[in-house]
Amino acid sequence: MSKLAICPGSFDPITLGHLDIIQRGAKIFGHVEVTVFNNQSKAPLFSVEERIKLIEEATNDLPNVTVDSSDYLLMDYATEKKADAIIRGLRAVSDFEYELQLTSMNKKLNPEIETFYMMTNNQYSFLSSSIIKEAAKYNANVSDLVPGVVEKALKKKFNN
Ligand code: ADP
């Protein structure tokens, strides 16, 4: 049976680091659903609808990838969707401690759903949505770090 993996995150906005994780996940799992979680503690630049649209455009060549959003707790959402796995990316050692906490809690909430981590592609190891927003605000060239649709959307947001 085809396995469903949820790839959760804020994706504000999606970067090539995220896309790399999604593409690699889509080679292993039958269906990858990218789920935008509206993290209340972060003030987003893009609305959830804008983020979904950008992810859809960036992944439109991947037939087994779909995009959705949720306000639920990740594990409640994944359980309801009958997901088999969660996929996440790991960049630096600094990601590790947070991810270990997150996964330990998630495992407690639903031990049936496994979390898979993929090491970042070396060229994206220092890439984050926050760095991209900071750079784009000052009109820096981010064309080799984000999908083309995101580059355009950032220019529009910052009137560049
Ligand atoms: P969150 O708010 O949950 O941290 P993000 O949108 O920042 O969401 O990230 C979603 C997932 O993508 C996380 O697992 C994060 O570690 C991973 N990720 C983000 N940037 C990169 C990158 N450059 N390389 C690999 N994984 C990444």
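Residues numbered from 1 in each chain as written. Predicted model: local features only at pLDDT ≥ 70, side-chain atom pairs only at ≥ 80, totals over all residues. Heavy atoms only, no water.

(A) Spatial organisation of the overall build of the chain. When helices and strands are tallied, the chain shows six helices and five strands. For the chain, the sequential pattern of α-helices and β-strands runs β-α-β-α-β-α-β-α-β-α-α. The C-alpha atoms of the chain give 15 Å as radius of gyration, which agrees with the globular expectation for 160 residues (15 Å, within 12%). Projected onto its principal axes, the C-alpha positions of the chain cover 45 × 35 × 30 Å. Summarising the internal contacts of the chain: among those between residues at least 6 apart in sequence, 77% fall at separations of at least 24. Looking at the chain as shown, the accessible area adds up to about 9400 Å², and 54% of this sits on carbon and sulfur atoms. For the chain, the centre of its 18 positive side-chain charges and the centre of its 21 negative side-chain charges are spaced 2 Å apart. (Helix = DSSP H or I, 4+ residues; strand = E, 2+ residues; numbered from the N terminus. Rg over C-alpha atoms; globule rule 2.2 N^0.38 Å. Contact = heavy atoms within 4.5 Å. Areas by Shrake-Rupley, 256 points an atom, 1.4 Å probe, with all protein chains shown as cover. Lys, Arg positive; Asp, Glu negative; His and termini not counted. Charge placed at Lys NZ, Arg CZ, Asp CG, Glu CD.)

(B) Structural detail: the site of the ligand. Close contacts around the ligand come from 15 residues, with Ser10, Lys42, Gly89, Thr120 and Tyr124 the closest. Here the ligand loses 91% of its free accessible area of 550 Å² to cover by the protein chains. If you map the ligand onto the pockets, it falls in the largest pocket. Secondary-structure elements contributing two or more residues to the shell around the ligand are strand E1 (4-9), helix H1 (16-28) and strand E4 (85-90). (Near = heavy atom within 4 Å. 1 Å grid on protein atoms, 1.4 Å probe; cavity = no way out; pocket = protein on both sides within 12 Å on 5 of 7 lines; lining within 4 Å. Sits in = over half its atoms within 2 Å of the grid points.)

(C) Up close: a nonpolar patch on the surface. Together, Leu73, Met105 and Leu109 make up an exposed nonpolar region whose accessible area comes to about 300 Å². On the secondary structure map, methionine 105 appears in helix H4 (residues 93-109). (Patch = residues over 30% accessible without salt bridge, like charges linked within 9 Å, V, L, I, M, F, W, Y side chains within 5 Å. Salt bridge = Lys/Arg side-chain N within 4 Å of Asp/Glu carboxyl O.)

(D) Region of interest: the layout of surface pockets. Estimated volume of the largest pocket: approximately 1200 Å³. What lines the largest pocket is a set of 44 residues, among which Pro8, Gly9, Ser10, Lys42 and Arg88 lie closest to the centre. Those elements that provide at least two residues to the lining of the largest pocket are E1, H1, helix H3 (74-80), E4, H4 and helix H5 (129-137). Looking at which element gives the most residues to the lining of the largest pocket, the answer is H4, with seven residues. Here the lining of the largest pocket is built from residues that sort into 20 nonpolar, 15 polar and nine charged. Of the voids in this model, the second largest pocket is the one considered here, and its volume is about 180 Å³. Lining the second largest pocket are Phe46, Glu50, Lys53, Leu54, Glu57, Val149, Lys152, Ala153, Lys156 and Lys157. Among the elements of the structure, helix H2 (48-58) and helix H6 (148-157) are those that each provide at least two residues to the lining of the second largest pocket. No other element matches the five residues that H6 contributes to the lining of the second largest pocket. (Points joined across faces, edges and corners; volume = space filled by probe spheres on them. Nonpolar A, V, L, I, M, F, W, Y, C, P; charged D, E, K, R; others polar.)

(E) Fine view of the pairing of E4. The buried fraction of E4 amounts to five of the six residues, a majority that puts the element mostly inside the structure. Strand direction decides the pairing type here: E1 and E4, joined by two bridges, are parallel. Across the sheet, alanine 5 pairs through a bridge with alanine 85, a residue of E4. Pairing of E4 with strand E5 (residues 114-119), which is carried by six bridges, proceeds in the parallel orientation. Paired with leucine 90 across the strands is methionine 119, a residue of E5. (Buried < 20%, exposed > 50% of the residue type's maximum accessible area, 1.4 Å probe, protein only. Pairing = 2+ DSSP bridges.)

(F) Structural detail: H2. Buried residues of H2: Val48, Arg51, Ile52, Leu54, Ile55 and Ala58, and no others. Angular distribution of buried residues about the axis of H2 spans 165°; they occupy a single face of the element. Residues of H2 that are exposed and point more than 90 degrees away from the buried face comprise Glu49 and Lys53. Those residues of H2 hidden inside the fold are in contact with H1, strand E2 (31-37), strand E3 (65-70) and H6. (Arc of directions from axis to C-beta.)

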